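Okay, here's what each chain looks like letter by letter:
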Amino acid sequence: MRARIVSSEQVYEGRAVSLRRELVELPSGKRFYREIVVHSGASAVIPITPSGKIVFVKQYRRPIGEYILEIPAGTLRPGEDPEACARRELEEETGYAADELIHLITIYPCPGYSSERLHIYLARGLRRGAQSLEIDEDLSVVELGLEEALDAIRRSEIRDAKTITAILYYYNFVTKC
């Protein structure tokens, strides 16, 4: 048995997300309200250069008020395929295009309050393309070796969840296979 949605109302509709408030009834009969951030989904890319470096972007994130190191990522456009989104974001943010994209994993970054599904890809065969930043993007490209990236995670210099997930997945399930 699953929970039942008793009522649902859209509270806010924005460009990137919307907010829905639902009255939920569990199979036990318990009822509660839940606010859900509705997100169209996103793709992220762990780009590996021919020399084995990982390409990161360091960018300002207003919700936390900091510049952070993360892998390239972006929101899916309506009807967009996750792989196409990954290719687009890789080139827009880093100026690299990839000959090969391999889907690694799809995760739910914040399932307690958000519907977002994040598709993580590995990009190989990088070649120079054209960087094309959006108006709200202020970033620089940083390349680190895998050991440097793992050390940055250990030192809490990389704190972005998708980036940590991607690096550790790559290290444990791609490089060790």
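As a reminder, the structure under discussion sits directly above these lines.
Residues numbered from 1 in each chain as written. Predicted model: local features only at pLDDT ≥ 70, side-chain atom pairs only at ≥ 80, totals over all residues. Heavy atoms only, no water.

Observations regarding the overall build of the protein chain
This is how it is decided: Strands here are runs of E lasting at least two residues and helices are runs of H or I lasting at least four, both read from the DSSP assignment and numbered beginning at the N terminus. Burial classes follow relative accessibility: with a 1.4 Å probe on protein chains only, a residue under 20% of its type's maximum area counts as buried, one over 50% as exposed, and anything between as partly exposed. Note on contacts: a residue pair is in contact if any heavy atoms of the two residues lie within 4.5 Å. Residue-level accessible areas treat just the shown protein chains as cover; the underlying method is Shrake-Rupley with a 1.4 Å probe. Residues scored as charged are limited to Lys and Arg (positive) and Asp and Glu (negative), so that His and the chain ends carry no count. To locate a charge, take atom NZ for lysine, CZ for arginine, CG for aspartate or CD for glutamate.
From N to C terminus, the protein chain includes three helices and 10 strands. Mapped in sequence order, the helices and strands of the protein chain form the string β-β-β-β-β-β-β-α-β-β-β-α-α. With the principal axes as the frame, the protein chain shows a C-alpha extent of 60 × 35 × 30 Å. Relative to its 177 residues, the protein chain shows a buried fraction of 41%. Of all intrachain contacts in the protein chain linking residues separated by at least 6 positions in sequence, the fraction that spans at least 24 positions is 55%. When the accessible surface of the protein chain is totalled, it reaches about 10,200 Å², and 51% of it is carbon and sulfur. Where the 24 positive side-chain charges of the protein chain centre and where its 27 negative ones centre are 6 Å apart.

Considering the packing of aromatic side chains
Filter applied, for reference: Side-chain rings of Phe, Tyr and Trp, where Trp is taken by its six-membered ring, are said to pair if the distance between their centres is within 6.5 Å; with planes under 30 degrees apart they count as stacked, over 60 as edge-to-face, and otherwise as tilted. A ring is scored as having a charge over it whenever the NZ atom of a lysine or the CZ atom of an arginine sits within 6 Å of its centre and within 35 degrees of its normal.
A complete count under the given rule lists two aromatic pairs for this structure. Taking the centre distance of 5.4 Å and the plane angle of 55 degrees together, the rings of Y60 and Y67 count as tilted. With a relative accessible area of 33%, Y60 lands in the partly exposed category. The interplanar angle of 55 degrees and the centroid separation of 4.9 Å between the aromatic rings of Y169 and F173 together place this pair among those described as tilted. Placement of the pair is Y169 and F173 together in helix α3 (residues 161-174), with a separation of four residues, close to one helical turn. Sitting above the plane of the Y33 ring, R21 keeps its charged end 3.8 Å from the centroid.

As for the layout of surface pockets
Under the convention used in this document: Lining residues are defined by having an atom within 4 Å of a point belonging to a cavity or pocket. Those points lie on a 1 Å grid over the protein atoms alone, cavities being sets where a 1.4 Å probe fits but cannot get out and pockets being open sets with protein on both sides within 12 Å along at least five of seven lines. Grid points are joined across faces, edges and corners, and a volume is the space filled by probe spheres set on the points. In the scheme used here, Gly and all other residues not listed as nonpolar or charged are polar, with Ala, Val, Leu, Ile, Met, Phe, Trp, Tyr, Cys and Pro taken as nonpolar and Asp, Glu, Lys and Arg as charged.
Looking at the largest pocket, its volume works out to about 1,400 Å³. For the largest pocket, the lining is made up of 39 residues, of which H39, R61, T75, E116 and K162 are closest to its centre. Within the residue set of the lining of the largest pocket, elements represented by two or more residues are β3 (31-39), β5 (54-61), β6 (66-70), β7 (73-75), α1 (82-94) and α3. Grouping the amino acids of the lining of the largest pocket by side-chain chemistry returns 17 nonpolar, seven polar and 15 charged.

Geometric values such as these leave the question of function open.
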